[in-house]
Amino acid sequence: MNRLATAPASPPPLASAMVLAAGRGMRMRPLTDVTPKPLLPVQGKPLMQWPMEALVAGGFGRMVVNTAWLGEQIDEHCAAWSREQPGCDVTVSREGADFGYALETAGGIARALPLLAEVFWVLASDVYAPDFNFSQASVDRFKASGLLGHIWLVPNPPHNPNGDFGLGADGLAIGRADPAWTFSTIGLYRRELFELPWCEVLPGNPQGTAEPLAPLLRRAMEAGMVSAEIYTGLWVDVGTPARLEELNHRG
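Analysis parameters
Residues numbered from 1 in each chain as written. Predicted model: local features only at pLDDT ≥ 70, side-chain atom pairs only at ≥ 80, totals over all residues. Heavy atoms only, no water. Pairing = 2+ DSSP bridges. Helix = DSSP H or I, 4+ residues; strand = E, 2+ residues; numbered from the N terminus. Axes fitted to C-alpha atoms, helices over the stretch in contact; angles between N-to-C directions. 1 Å grid on protein atoms, 1.4 Å probe; cavity = no way out; pocket = protein on both sides within 12 Å on 5 of 7 lines; lining within 4 Å. Points joined across faces, edges and corners; volume = space filled by probe spheres on them. Nonpolar A, V, L, I, M, F, W, Y, C, P; charged D, E, K, R; others polar. pLDDT = per-residue confidence, 0-100. Contact = heavy atoms within 4.5 Å. Buried < 20%, exposed > 50% of the residue type's maximum accessible area, 1.4 Å probe, protein only. Expected span 1.5 Å × (residues − 1). Left-handed = near helix turned anticlockwise from the far one by under 90°.

Turning next to the sheet that holds strand E4 (residues 62-67). Paired through backbone hydrogen bonds, the strands of a sheet run either parallel or antiparallel to each other. On the basis of which strands lie adjacent, the open sheet formed by 7 strands has the order E5-E4-E1-E6-E11-E8-E12 and mixed pairing. The outermost strands of the open sheet, each flanked by one partner alone, are strand E5 (89-94) and strand E12 (226-230). Along the sheet, successive strands turn relative to each other by an average axial angle of 20°, direction set aside. In terms of strand pairing, E4 meets E5 through 6 bridges, oriented parallel.

This paragraph deals with the layout of surface pockets. Quantified by volume, the largest pocket comes out at close to 950 Å³. Leu 20, Thr 105, Ala 124, Asp 126 and Thr 185 are the residues nearest the centre of the largest pocket, which is lined by 38 residues in total. Listed by contribution, the elements that provide at least two residues to the lining of the largest pocket are strand E1 (15-21), helix H4 (104-112), strand E6 (116-124), strand E11 (182-190) and helix H6 (214-222). A per-class count over the lining of the largest pocket returns 19 nonpolar, 10 polar and 9 charged.

Glancing now at the confidence of the model for the protein chain. Of all residues in the protein chain, 95% attain a pLDDT of 70 or more, and the chain-wide mean is 90. Counting interchain partners and residues more than four positions distant, the pLDDT-below-50 stretch residues 1-7 has 0 contacts.

Looking at the element boundaries, Gly 100 is found in the loop between helix H3 (95-99) and H4. Note: C-alpha distance between Gly 100 and Val 139 (39 residues apart in sequence) is 34 Å.

On to empty space enclosed by the protein, then. By the definition in use, this model includes 1 cavity of 30 Å³ or more. Approximately 90 Å³ is the volume found for the largest cavity. Elements with a minimum of two residues in the lining of the largest cavity: helix H1 (49-57), E6 and E11. When residues in the lining of the largest cavity are grouped by element, the largest group, 3 residues, is from H1.

One can find Asn 205 in the loop between E11 and H6. When its relative accessible area of 0% is taken as the criterion, Asn 205 is described as buried. Asn 205 has contacts with Phe 99, Leu 103, Gly 107, Ala 110 and Arg 111, leaving out every residue within four places of it along the chain.

This part takes up helix H2 (residues 71-83). The first and last C-alpha atoms of H2 sit 18 Å apart over 13 residues, in line with the 18 Å expected at 1.5 Å per residue. Among the residues making up H2, those that are buried are Gly 71, Ile 74, Asp 75, His 77, Cys 78, Trp 81 and Ser 82. The inward-facing, buried residues of H2 contact E1, strand E3 (45-46), H1, E4 and E5.

The residue Thr 232 is located in the loop between E12 and strand E13 (236-237) in this model. According to the relative accessible area criterion, Thr 232 is exposed, its value standing at 67%. Sequence spacing of Thr 232 and Pro 155 is 77 residues, and the spatial spacing of their C-alpha atoms is 7.1 Å.

Packed helices, taken two at a time, are described by the angle between their axes plus the distance between the axes. In the contact formed by H1 and H2, the axes pass within 12 Å of each other and the chain directions differ by 35°. Relative to H2, the crossing made by H1 is right-handed. Across from Gln 49, Met 52, Glu 53 and Val 56 in H1, the residues of H2 making contact are His 77, Cys 78 and Trp 81.

Here it is in structure tokens:
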């Protein structure tokens, strides 16, 4: 009997952004004992929804969100929210369910790498920067640069007076500098940065290695492979109940 040949299903498009949402939020206790920090309300909506809406507005609606602490709540929120967003598709990387702990930033990105495009945004879900523009023009400039990363720096807040990274006159980021700016957590990266020889965590992170991002960035900076720019818009690291309360009392 003749059978019609069925073409193999094409793989789904890769994600153009990753939203980091796996942290415990220890400094936010007791609020985060029952609610994950990304879901704490800021100006009438869950904190993580601000950057996610900005990504969708910029045309980057396909994203990965990593979770650990109280991750099932974030799962439910992302599923309900994405259903109401045309062109939006959220995949959850469940670090807590898979390993029992969060994998830190570089470990979490490596875990999600098979789901991510050649160039992708990364940002923290607990940073409030409502005016940041996730633009295709920024992605195009970064792709053309041939660099491994491009990060946004902000003026140092009171809780981080010494900053994190410097910025050279040539537009390249400096791993250790005085003066230094604070890393906003917002960046564009090429997949290559999270593969050998730069990153020793295997793509997919099958071992569940917890790996921070800063040492990896500094290695790439030393090789002149990370650029940066200054963002001067509203930016708040919502890391304590006091900062949360202050944001919610803004006019």
